[in-house]
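Reading the structure
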Amino acid sequence: MPDATGLELIAQELGDQVIGTTHFRGQAALHVRPETIRDVLYALRAKGYTFMASVHGVDYFPEEPRLGVQYELLDMKEVDRIAVKLRVPIEAPAVPSVTPDWPTADHQEREIYDMFGVLFDGHPDHRRILMPEDYEGHPQRRDFPMGGEPVIFTNNERTLPGWWK
């Protein structure tokens, strides 16, 4: 990963798309505006970060903007890693999809939508991936009720009277 100085040089090259940087415990991160994510990732790809290792959702409850998306990129030649982070408010949780440029983000964006409720504008298949389509809510949000809900299994139910004896 770039050292602190290298991270600041990358941020300077990207200009006003970057709103901040973090270099903590050897992890380099760029904080960007949501609407610039595709341009930032394109510029990083040109610098050698050609492998998108993962995309994560984050809930910063009770802070605002509350919901975050984090992209982990790798430079396989230099064995280098950088994170790109953005945050969106709970009232308008929309981010441009990077799936057209990074196909590996397809299922990960769907998972973030499903678990956190972040909408990815331009995603080719924007639907739930882990929860049923009619499920209400987003289970990974920090204000989601704890304790879950009862699960009723009927496939092993016995139909004979007194089967429990």
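Quick look at the structure, then. Quick caveat, the model's predicted, so the values are computed rather than measured. (Residues numbered from 1 in each chain as written. Predicted model: local features only at pLDDT ≥ 70, side-chain atom pairs only at ≥ 80, totals over all residues. Heavy atoms only, no water.)

Here's the deal with the sheet that holds strand β3 (residues 51-59)
As a reminder of what qualifies: When DSSP finds two or more bridges between two strands, those strands count as paired. By definition, any uninterrupted DSSP run of H or I lasting at least four residues is a helix, any uninterrupted run of E lasting at least two residues is a strand, and each is numbered from the N terminus. In this analysis, axes come from line fits to C-alpha atoms, helices being fitted only over the stretch in contact, and the angle between any two N-to-C directions falls in the range 0 to 180 degrees. Contacts are residue-level and defined by heavy atoms, with any inter-residue pair within 4.5 Å sufficient.
If you trace the five strands from one edge of the open sheet to the other, you get β1-β2-β5-β4-β3, paired in mixed fashion. Looking at which strands have only one partner, the edges of the open sheet turn out to be β1 (18-24) and β3. The mean inter-strand angle of the sheet, taken between neighbouring strand axes irrespective of direction, is 20 degrees. As judged from the three bridges shared by strand β2 (residues 27-32) and strand β5 (residues 80-88), these two strands associate in the parallel manner. Of the residues in β5, the one forming a bridge with L30 is V84. Lying over the sheet, helix α2 (residues 37-46) contacts β2, β3, β4 (67-75) and β5, oriented at roughly 175 degrees with respect to β5. Seen against the sheet, helix α3 (residues 105-116) touches β3 and β4 and runs at an angle of roughly 5 degrees to β3.

Looking at α3
Using the following cut-off: The span one expects for a helix is its residue count, reduced by one, times 1.5 Å. Burial status follows relative accessibility: with a 1.4 Å probe on protein chains alone, a residue under 20% of its type maximum counts as buried, one over 50% as exposed, and anything between as partly exposed.
With twelve residues, α3 should cover 16 Å at 1.5 Å per step; its first-to-last C-alpha distance of 16 Å lies within 8% of that length. With ten of its twelve residues buried, α3 lies for the most part within the structure. Listing the buried residues of α3 in full gives A105, D106, Q108, E109, R110, I112, Y113, D114, M115 and F116. Turning to α3, the residues buried within the fold contact β3, β4 and β7 (119-121). At the exit of α3 stands G117, carrying a positive phi of roughly 90 degrees.

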